[in-house]
Amino acid sequence: MDLLRLAGAPGVGKSATAWAIAQQLAREGVRCGYVDIDQLGMCYPPPDDDPDRWGLKERALAGVAEEFRRAGVDRLVVSGVAWPDDPPPQIGGISVQSIWLDASEITRRDRLGQRGTTGGQLEQYLAAGTAEAARVESSWERISTDEWSLDETVEEVLSTWHPVAAESITAVRPLASVTAAAHRVLWLTGPRLAGASRIGWEIASEEWGAGHRLGFADLAQLSFVWNNDGRAVGLANLVRVHDAFLGVGADVFVVAAPLEISPSAVRASLPSAEVFFVRLVASDADVRAHATSRRRGDGPALAGDDITGASDAAIDEVMRDFRTQSALPIREHEQMVDTRGLSLADAATAVRSFLPAE
């Protein structure tokens, strides 16, 4: 498998470029996948010896990349931060090409401002990005995105990427099955836009604020694969992330997941974990309000988001899917939590009650 990694400071366009490249490869029929490395490191408080979680993300990425390959992916596109002081990380048995994207502070300020980043956070991002760019290790390939459109950046990056011929990639022995130590997992699911991601993030943020080391993952963000039967890759990637978080002492893992993933599949993937399945019940009004907010661009920008800027017809289709999923019967092990009419904080409190204390 060939892996293309795009790194750089916030505002250089790494995520937008990586996603656009993955979409182009998919249209061309390439068996490809995509992951943002930032999705592999949402575990706080960070370890004392890894305060920026560089090492945690790299360990998780190595496992996730192997799962994409085992799923039949030929090219994997990865975006996100990287440690600039060392040579680009390599992954055994996988062809890795790493590119550091650059942009001037003026360009980055404009792009970050368009995302709504302002004030002290904006200045912090700009200063940190400028400092990182000044010390990038010399073996990184570098491309400037100043004055370029997204399409032009994609074209330049693709012209620089030189995948290895499939027959020249050394085969790697099959991995042993991955199992996790005893540990609690809060599995949040429900119809689309019922609030699993928002409520899960709220719970995780509260725990982080209290100093409790906990991991969070959105399964949908670990499941991007095209042109091959990669239905199980997201869950396999989740196990890899889970293991990485266990390795730094996180004893709770909060997961937001699509309703299509069954409790039996989760238990088979995490046989040693104590999993608490919570299925959210939301109202039509709450879901439509959430969809309307997302359509305006409110909330975090996530890869694969088809709600931002969606048409009225697309929102109506989302609502039809929501009603269909809401009518599905409860499954074994699931606990229903009614969040209709609740604020985000109150919904998080209601869900948290299903996660017993140690």
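Note that this is a predicted model, so its numbers are computed, not measured.

Q: Is there a simple way to think about the environment of Asp251 in this case?
A: On the secondary structure map, Asp251 appears in the loop between helix 7 (233–247) and strand 10 (252–256). Judged by relative accessible area, which is 31%, Asp251 ranks as partly exposed. A sequence separation of 20 residues divides Asp251 from Arg231, and the C-alpha atoms of the two residues are 27 Å apart.

Q: Before we go on, may I ask you to explain the sheet that holds strand 5 (residues 95–102) in this structure?
A: What links the strands of a sheet is backbone hydrogen bonding, and the strands pair in either a parallel or an antiparallel sense. Judged by pairing direction, the sheet is mixed, and its 6 strands sit side by side in the order 6-5-1-4-2-9 without closing on themselves. Edge positions in the sheet fall to strand 6 (141–144) and strand 9 (224–226), since each has one partner strand and no second. For this sheet the average axis-to-axis angle between neighbouring strands, irrespective of direction, equals 20°. By the bridge criterion, 4 bridges tie strand 5 to strand 6 in an arrangement that is parallel. Within strand 6, the residue paired with Asp102 across the bridge is Ser144.

Q: Would you explain the side chain of Lys14 in this entry?
A: Relative to the elements of secondary structure, Lys14 occurs in helix 1 (residues 14–27). We note that Lys14 is buried and unpaired, the nearest opposite charge coming from Asp38 at a distance of 6.0 Å. Side-chain polar atoms of Lys14 contact the backbone oxygen of Gly8, separated by 3.1 Å.

Q: Hey, could you run me through helix 10 (residues 312–326) in this one?
A: An α-helix turns once every 3.6 residues. As a result, residues three or four positions apart point the same way. Counted at 1.5 Å a residue, the expected span for helix 10 with its 15 residues is 21 Å, and the 21 Å between its end C-alpha atoms agrees. Buried within helix 10 are the following residues: Ile315, Val318, Met319, Phe322 and Gln325. One side of helix 10 carries all its buried residues, which in axial view fall inside an arc of 130°. Those residues of helix 10 that are exposed and angled more than 90 degrees off the buried face are Ala313 and Thr324. Residues of helix 10 that are buried in the fold lie against strand 11 (274–281) and helix 9 (284–295).

Q: Would you take a moment to explain the nonpolar core for this structure?
A: In summary, soluble globular proteins display a tendency toward joint burial of nonpolar side chains. Judged by nonpolar contacts, the single largest core of 41 residues is most densely connected at Leu40, Phe68, Trp187 and Leu238. Of all elements in the fold, only helix 2 (54–70), strand 4 (75–79), strand 7 (184–189), helix 7, strand 10 and strand 11 reach the threshold of two or more residues within this core. With sequence-adjacent residues up to four places away left out, Trp187 is seen in contact with Leu219, Leu235, Leu238, Val255, Ala257, Ile261, Val266, Val275, Phe276, Phe277 and Val278. Core analysis: the next-biggest nonpolar cluster, separate from the first, contains 32 residues, Leu186, Leu193, Ala196 and Leu355 among them.

Q: Sorry, what's going on with the pairing of strand 7 here?
A: Burial analysis of strand 7 places 6 of its 6 residues in the buried class, the great majority of the element. Here strand 7 shows two buried faces, one formed by Arg184, Leu186 and Leu188 and the other by Val185, Trp187 and Thr189. When strand 7 meets strand 10, the two strands line up parallel, connected through 5 bridges. By the bridge assignment for strand 10, Trp187 is matched with Val255. Pairing of strand 7 with strand 11, which is carried by 6 bridges, proceeds in the parallel orientation. In the sheet register, Trp187 faces strand 11, and the bridge partner there is Phe277.

Q: How should I be thinking about the sheet that holds strand 3 (residues 43–44) in this particular structure?
A: Overall, mixed pairing links the 6 strands, which are arranged 3-8-10-7-11-12 in an open sheet. Looking at strand neighbours, the two that pair on one side only are strand 3 and strand 12 (334–338), the edges of this open sheet. Two elements, strand 11 and strand 12, share 5 bridges in a ladder whose sense is parallel. When the sheet's bridge partners are listed, Leu280 is paired in strand 12 with Val337.

About the thresholds
- Residues numbered from 1 in each chain as written.
- Predicted model: local features only at pLDDT ≥ 70, side-chain atom pairs only at ≥ 80, totals over all residues.
- Heavy atoms only, no water.
- Helix = DSSP H or I, 4+ residues; strand = E, 2+ residues; numbered from the N terminus.
- Buried < 20%, exposed > 50% of the residue type's maximum accessible area, 1.4 Å probe, protein only.
- Pairing = 2+ DSSP bridges.
- Axes fitted to C-alpha atoms, helices over the stretch in contact; angles between N-to-C directions.
- Lys, Arg positive; Asp, Glu negative; His and termini not counted.
- Salt bridge = Lys/Arg side-chain N within 4 Å of Asp/Glu carboxyl O.
- Polar contact = N/O pair within 3.5 Å; in protein donor to acceptor, adjacent residues only side chain to side chain.
- Expected span 1.5 Å × (residues − 1).
- Arc of directions from axis to C-beta.
- Contact = heavy atoms within 4.5 Å.
- Core = buried A, V, L, I, M, F, W, Y, C linked by side-chain atoms within 4.5 Å.

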